[in-house]
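Each chain, written out:
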Amino acid sequence: MVVGEELIPPGVGRAAAASARPCSTLLSQGGAACVPAPSSAVPPSVPIGRDRPAAPGDMAGDHRLLLENARQVVLVCTRGERFLAGDAVRSLAVLEGASLVVGTDGFIKAVGPADTIQKQFSEETFEERIDCSEKCILPGLVDAHTHPVWAGDRVHEFAMKLAGATYMDIHQAGGGINFTVERTRQASEEELFSSFQQRLQCMKRAGTTLVECKSGYGLNLETELKMLRVIERARRELDVGISATYCGAHSVPKGKTATEAADDIINNHLPKLKELGRNGQIHVDNIDVFCEKGVFDLDSTRRILQAGKDTGLQINFHGDELHPMKAAELGAELGARAISHLEEVSDEGIAAMATARCSAVLLPTTAYMLRLKQPRARKMLDEGVIVALGSDFNPNAYCFSMPMVMHLACVNMRMSMPEALAAATINAAYALGKSHTHGSLEVGKQGDLIIINSSRKAEEDTHPKCLTPPRPVSCKPLPLKGAF
Ligand SMILES: N=CN[C@@H](CCC(=O)O)C(=O)O
Ligand SMILES: [Zn+2]
């Protein structure tokens, strides 16, 4: 078994971590399985668990939300694990006949058997109560890889692909990413925000409450910053959690070599991002590079990722997708949080990722859409790699739905249903460095969850039929407008 022992909060020991299993005991503040809310998670001045200001008629309460009497609550894990890998991912923690309380700060206060919660909170008031009889509650889904800010579309390329053109044929002829770059450079910030907002709403309707969002259709500093401002605005204003990724090395811009583009990123883009981050204007979490033959080679990739890491960004990049590049070996060496795609990863790369606890973000829509060979999910899982999932939403892979991604992962990559659910919750949150606050229903984590109709075993609820349409609840504490 591999669990995130070294990252488990103080007070929860190895033995407890190793025995994380489906449970039926009360998990509430002060309980053995309690995970204290990270003290840095909510700045003192943020408004609480709201996607809009309080309106007349809103009920004040001791707590934000009570979800009562669910047939099942799929906790995913119970001991503060930061990821699930190896044996730990074979079965996930589930409570039968349970209730869950979210506090006014937007964080989970208690989860446990319905009658115990009822007694414990009998004197308390709630802003909202939801009767969850015959329903199942799961953590909000986490989408660990998307390209959601762009203008124009590439529907015309679909016919080219059906006629036999490969992704790289189209890319080298100036289409693909380069086509989207042209359109995105021409688009206004307002136009980009408006389509991005609609896309986020579609993702949320499909159950996603935390999503990684990349720049990368600007390539020049001006347009990369425009995209990152759009992502920042959504991060502040919308009730979907966002992990922002700078992906200025998504393609080599016209007129530059890969080395020149890398120099520009290292000498101009990254220092500007650092300055804007310091001023509180743009918050970026991750750095990404498309490490691929004909795009950024291993050497340029290494230089850019190392410079990004030195700037304080988490490394999270595209590797070993169309050709074996030894990207996995590089990522493990650099301490990458995550590498996406990995259709062409080597055996040595898989072993290195398992040892380095570098997560694999697998993208079933892309392998399907481009008719690539499937990434070797089974081998990765068997070797103890932390496997996560992402939709890879982009103009080439137009999929908003993590339930569909999970389904493809099961059918095409032979993942089990618990593995797919862990990959779309706790492990996807790990890939974004956010599994201390997201990805499972544990006390102290953010109250992001989905409610679905349920009459079956919890694991069957991961079937897209059951997960569609979910009722998403996001208790994301929104930063004050203008604040960082
Ligand atoms: N492979 C590189 N980037 C994207 C595709 C982006 C695009 O084609 O616009 C991906 O992850 O699939
Ligand atoms: Zn991508």
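Residues numbered from 1 in each chain as written. Chains lettered and ligands numbered in written order. Predicted model: local features only at pLDDT ≥ 70, side-chain atom pairs only at ≥ 80, totals over all residues. Heavy atoms only, no water.

Asks: Would you take a moment to explain the overall build of the protein for this structure?
Replies: Scanning the protein from N- to C-terminus turns up 17 helices and 18 strands. Within the protein, the fraction of its 484 residues that count as buried is 60%. Partitioning the contacts of the protein with sequence separation of at least 6, the portion at a separation of at least 24 is 76%. In the form shown here, the protein has an accessible surface area of approximately 18,400 Å², with 51% of it arising from carbon and sulfur atoms. (Helix = DSSP H or I, 4+ residues; strand = E, 2+ residues; numbered from the N terminus. Buried < 20%, exposed > 50% of the residue type's maximum accessible area, 1.4 Å probe, protein only. Contact = heavy atoms within 4.5 Å. Areas by Shrake-Rupley, 256 points an atom, 1.4 Å probe, with all protein chains shown as cover.)

Asks: I'm lost on the UniProt feature "domain: Amidohydrolase-related" (unreviewed entry) in the protein in this one. Help?
Replies: When the UniProt feature table is mapped onto this chain, "domain: Amidohydrolase-related" (unreviewed entry) is found at residues 137-454. Along residues 137-454 one finds 46% helix and 15% strand; the C-alpha atoms at either end are 9 Å apart. (UniProt positions renumbered as here; feature names shortened; annotations may be inferred.)

Asks: Help me understand the pairing of strand β6 (residues 108-113) in this model?
Replies: In terms of burial, β6 is a largely internal element, six of the six residues being buried. In this sheet, β6 lies alongside strand β5 (residues 93-103) in antiparallel orientation, the contact comprising five bridges. Note that in β6 the partner of alanine 98 across the bridge is proline 113. (Pairing = 2+ DSSP bridges.)

Asks: Can you help me understand helix α11 (residues 347-356) in this one?
Replies: Each full turn of the α-helix corresponds to 3.6 residues, which orients residues three or four apart in the same direction. All buried positions along α11 are accounted for by Gly349, Ile350, Met353 and Ala354. Angular distribution of buried residues about the axis of α11 spans 135°; they occupy a single face of the element. For α11, exposure combined with an orientation more than 90 degrees from the buried face picks out Glu348 and Thr355. Here the buried face of α11 lies against α10 (327-334), β14 (338-341), β15 (359-362) and α13 (377-382). Downstream of α11 by one or two residues, arginine 357 has phi in the positive range, about 55°. (Arc of directions from axis to C-beta.)

Asks: Can you walk me through the coordination of the zinc ion (ligand 2) in this structure?
Replies: Octahedral six-donor coordination of a metal ideally yields angles of 90 or 180 degrees, compared with 109.5 degrees for tetrahedral four-donor coordination. On the protein side, the zinc ion (ligand 2) has His145 (NE2), His147 (NE2) and His318 (NE2) as donor atoms, found 2.0 to 2.1 Å from it. With four donor atoms in place around the zinc ion (ligand 2) and angles of 98 to 125° between them, the coordination shape is tetrahedral. Donor residues binding the zinc ion (ligand 2) come from one chain and are separated in sequence as H-x1-H-x170-H. Placement of histidine 145 in the loop between β9 (141-143) and α3 (155-162) and of histidine 318 in strand β13 (residues 314-319) is noted, with a sequence separation of 173 residues between them. Considered together, histidine 145 and histidine 318 belong to a single accessibility category, that of buried residues. (Donors = N, O, S within 2.8 Å, 3.2 Å for Na, K, Ca; no water. Tetrahedral: all angles 85-135°; square planar, octahedral: opposite > 155°, others 65-115°.)

Asks: Can you walk me through the sheet that holds strand β11 (residues 241-249) in this structure?
Replies: Consider a sheet: its strands pair through backbone hydrogen bonds, and that pairing is either parallel or antiparallel. The strand order across the open sheet formed by eight strands is β9-β10-β11-β12-β13-β14-β15-β16, and the pairing between neighbours is parallel. The open sheet has two free edges, formed respectively by β9 and β16 (387-389), since each of these has just one partner strand. Across the sheet, the mean angle from the axis of one strand to that of its neighbour is 25°, orientation sign disregarded. Where strand β10 (residues 208-214) lies against β11, five bridges are found, and the strand directions are parallel. (Axes fitted to C-alpha atoms, helices over the stretch in contact; angles between N-to-C directions.)

Asks: Can you walk me through the packing of helix α6 (residues 189-205) against helix α7 (residues 221-237) in this structure?
Replies: What describes two packed helices is the angle between their axes and the distance between those same axes. Contact geometry for α6 and α7: axes closest at 10 Å, N-to-C directions at 50°. Looking at the two axes, α6 sits oblique to α7. Relative to α7, α6 is oriented so that their crossing is right-handed. For the pair formed by α6 and α7, the contact residues are Glu189, Glu190, Leu192, Phe193, Phe196 and Leu200 on the first element and Lys226, Arg229, Val230, Ile231, Arg233, Ala234 and Glu237 on the second. Of the residues contributing to the contact of α6 with α7, the split by class is seven nonpolar, no polar and six charged. (Parallel < 35°, antiparallel > 145°, perpendicular 65-115°, else oblique. Left-handed = near helix turned anticlockwise from the far one by under 90°. Nonpolar A, V, L, I, M, F, W, Y, C, P; charged D, E, K, R; others polar.)

Asks: Whenever I open this one, the site of ligand 1 confuses me. Can you help?
Replies: Lining the immediate environment of ligand 1, one finds 16 residues, of which Arg154, Tyr167, Tyr217, His341 and Asp392 sit closest. Histidine 145 places a side-chain nitrogen or oxygen 3.4 Å from an oxygen atom of ligand 1. Relative to its unbound accessible surface of 330 Å², ligand 1 loses 100% to contact with the protein. (Near = heavy atom within 4 Å. Polar contact = N/O pair within 3.5 Å; in protein donor to acceptor, adjacent residues only side chain to side chain.)

Asks: I'm lost on the environment of leucine 408 in this one. Help?
Replies: Looking at the element boundaries, leucine 408 is found in helix α14 (residues 402-413). The buried category is assigned to leucine 408, whose relative accessible area is 15%. For leucine 408 and tyrosine 368, which are 40 residues apart along the polypeptide, the C-alpha to C-alpha distance reads 8.4 Å. In this structure, leucine 408 is in contact with Pro364, Thr365 and Met413, ignoring residues within four places of it in sequence.

Asks: In this structure, what is going on with the domain arrangement of the protein? I would like to understand it.
Replies: Accessible area lost upon the coming together of the parts serves often as the stated size of an interface. By the assigned domains, the protein splits into domain 1 (2-139 + 442-473) and domain 2 (142-431). With 34 residues of domain 1 at the contact, the number on the domain 2 side is 23 residues. Between domain 1 and domain 2 the total buried area reaches about 2,300 Å² when both faces are included, carbon and sulfur atoms providing 69% of it. The three residues of domain 1 that bury the most area against domain 2 are Phe83, Val89 and Thr462, which together make up 21% of that side's buried surface. In this assembly, domain 1 and domain 2 are joined by zero salt bridges. Our count for the domain 1 to domain 2 interface comes out at one residue pair in polar contact (both at pLDDT 80 or more). Elements that contribute at least two residues to the side of domain 1 that touches domain 2 include exactly β1 (2-3), β3 (63-76), β4 (84-85), β8 (135-139), β17 (449-453), α17 (464-467) and β18 (471-473). (Domains from an automatic or database assignment. Buried area = accessible area lost by both parts, 1.4 Å probe. Salt bridge = Lys/Arg side-chain N within 4 Å of Asp/Glu carboxyl O.)

Asks: Hey, could you run me through the state of the cysteines in this one?
Replies: Among covalent bonds in proteins, the disulfide is the one between the sulfur atoms of two cysteines. Under the counting rule described, the total for this entry stands at zero disulfides. Just so you know, cysteine 291 is unpaired, no disulfide at all, and the nearest cysteine sulfur is the one on cysteine 247, 12 Å from it. For the unlinked cysteine cysteine 475, the closest cysteine sulfur is that of cysteine 132, found at 12 Å. (Disulfide = S-S within 2.5 Å.)

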